[in-house]
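Structure assessment
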Amino acid sequence: MSGQRIAVVGAGVIGLSTAHELAAAGHDVTVLAELDPLDTTSAVAGAIWFPYAAERSAAVDAMLASTLARCTAIAGDHPEAGVDLRSGVIIERSAEPDRSWTAWAHATEADASALPPGATGMRTTVPLATMSLYLPWLRDRCAALGVRFERRAIHDPDALAGGFDAAVVAAGVRSGALLGDDTTVVPIRGQVVRIENPGVEEFVIDDDEGDAITYLLPRRDCLVLGGTHEVGATSLEPDPAIEAGILERCARLVPVVAGRRILSRAVGLRPWRPTLRVEPVPGRALPIVAAYGHGGSGMTLSWGTAERVAALLDAPPAQERS
Ligand SMILES: Cc1cc2nc3c(=O)[nH]c(=O)nc-3n(C[C@H](O)[C@H](O)[C@H](O)COP(=O)(O)OP(=O)(O)OC[C@H]3O[C@@H](n4cnc5c(N)ncnc54)[C@H](O)[C@@H]3O)c2cc1C
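Calculation notes
Residues numbered from 1 in each chain as written. Predicted model: local features only at pLDDT ≥ 70, side-chain atom pairs only at ≥ 80, totals over all residues. Heavy atoms only, no water. Near = heavy atom within 4 Å. Polar contact = N/O pair within 3.5 Å; in protein donor to acceptor, adjacent residues only side chain to side chain. Areas by Shrake-Rupley, 256 points an atom, 1.4 Å probe, with all protein chains shown as cover. Helix = DSSP H or I, 4+ residues; strand = E, 2+ residues; numbered from the N terminus. Nonpolar A, V, L, I, M, F, W, Y, C, P; charged D, E, K, R; others polar. Contact = heavy atoms within 4.5 Å. Axes fitted to C-alpha atoms, helices over the stretch in contact; angles between N-to-C directions. Parallel < 35°, antiparallel > 145°, perpendicular 65-115°, else oblique. Disulfide = S-S within 2.5 Å. Buried < 20%, exposed > 50% of the residue type's maximum accessible area, 1.4 Å probe, protein only. Pairing = 2+ DSSP bridges. Right-handed = clockwise from strand over helix to strand, strands pointing away.

A few words now on the site of the ligand. Within the structure, the ligand sits among 39 residues, and Leu-35, Ser-42, Ile-154, Gly-295 and Thr-300 are positioned closest to it. Glu-34 is positioned with one of its backbone polar atoms (N or O) 3.1 Å from a nitrogen atom of the ligand. The separation between a nitrogen atom of the ligand and a polar main-chain atom of Gly-296 is 3.0 Å. Its free accessible area being 1000 Å², the ligand has 96% of it covered by the protein chains. Mapped onto the shell around the ligand, the elements with two or more residues apiece are helix H1 (13–24), strand S2 (28–33), helix H2 (41–44), strand S8 (186–195), strand S13 (262–281) and helix H7 (298–314). Residues that form the shell around the ligand fall into these classes: 20 nonpolar, 15 polar and 4 charged.

Within the element layout of this structure, His-20 appears in helix H1. Residues His-20 and Leu-138 lie 118 residues apart in sequence; the distance between their C-alpha atoms is 7.7 Å. Those residues in contact with His-20 that lie beyond four places of it in its chain are Arg-70, Arg-141, Cys-142, Leu-145 and Trp-303.

Further remarks concern the packing of helix H3 (residues 58–77) against H7. Running from N to C, H3 and H7 cross one another at 105°; their axes reach a closest spacing of 7 Å. Taken together, the axis directions place H3 and H7 in an arrangement best described as roughly perpendicular. Every residue of H7 that contacts H3 at Val-60, Met-63, Leu-64, Ser-66, Thr-67, Arg-70, Cys-71 and Ile-74 is listed here: Met-299, Thr-300, Leu-301, Ser-302, Trp-303, Gly-304, Thr-305, Glu-307 and Arg-308. Across the contact of H3 with H7, the residue classes tally to 8 nonpolar, 6 polar and 3 charged.

For the structure shown, the criterion picks out 0 disulfides. No disulfide involves Cys-71; its sulfur sits 14 Å from the nearest other cysteine sulfur, which is in Cys-142. A relative accessible area of 1% means that Cys-71 is categorised as buried. Its sulfur unpaired, Cys-222 is 12 Å from the next cysteine sulfur, which belongs to Cys-250. The exposure class of Cys-222 is buried, given its relative accessible area of 4%.

The element strand S1 (residues 5–9) is extensively covered by neighbouring structure, given that 4 of its 5 residues are classed as buried. Pairing between S1 and S2: 5 bridges, direction parallel. Bridging across to S2, Ile-6 finds its partner in Val-29. Taken together, S1, H1 and S2 constitute a β-α-β crossover, and its handedness is right-handed. Direction of pairing for S1 relative to strand S7 (residues 166–169): parallel, over a ladder of 4 bridges. Bridging across to S7, Ile-6 finds its partner in Ala-166.

Turning our eyes to something else, we now look at the side chain of His-294. With respect to the helices, strands and loops of the structure, His-294 is situated in strand S14 (residues 288–294). Relative accessible area serves as the criterion here: at 2%, His-294 is assigned to the buried category. When sequence neighbours within four positions are dropped, the list of residues in contact with His-294 reads Ile-14, Ala-53, Ala-54, Pro-271, Leu-276, Leu-301 and Thr-305.

Spelled out as structure tokens, the structure:
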């Protein structure tokens, strides 16, 4: 069923990856988005391949694997995309840390000298995207495949019937309200501060330190320091007290970052949901596929999500199958 006119609502990493996949499959795709890619939550992301604050299940694990493979290929084949394979350490503070991600990413026990006292950790190499490069690259790739972009807010997805044969709702934290049938989306606020990189080449993630999450992610344009995990908080204003805490925790982990020049600050709302929603939405005026609820793993699940949406839209309608 290629050649359908498909509207993709949303121009974050999920909307763009999905638009790319649908256009590559031969569909006529238009992205409708209120915010441009660089103004989305996706632009705030670190953005490292690592499962965090999102559903884990066999279906989601398959998306983790395919996204890792696609991002690794992009890092090798398209240096201009801004995706690099970065080595670093995941610090673990609990007695039974979740190491399930090592099923896809090769990892070894980290040397104790790289860890805070009493902690364990894993050393690995995974893709990390400089979103200020990657999102525009993805947008350009979509455009080269014929995808059109319209900057506008959608208030009623059913109103897309007539103009389009099908639609995908990839509107991040606002998707549930837009569809009107889902109240389970919860924003998880994340704040970061971006500093001039004093030469840090490796990432560090320490997400087991009580309620705090601390990370240093070297992008090509800065060193991203984070972060927070504030369930239900919605303020998009950076909080100076929170920023001071981030700077202090990061300097404790990697002392060379202390006192470095701050380049920018950002806040994003992770679109968390108890389960990822990538499925047809029944009873609408046109076929609609939902693609949201990625929490803290939007980049990490992006290509797997896009492939799943494309498969759903290429499947013949139920009545034709019977
Ligand atoms: C601080 C922070 C760090 C993170 N780090 C990582 C990381 O390292 N790795 C990782 O995998 N993930 C990370 N994440 C999570 C990741 O950013 C999200 O999972 C991801 O951005 C979700 O992408 P999305 O495309 O669903 O939503 P968004 O990026 O929010 O995009 C939504 C799009 O929908 C549009 N839209 C919304 N409503 C409407 C409407 N009514 N009409 C038209 N358009 C609409 C918006 O304008 C926008 O274009 C992080 C998040 C934060 C906040």
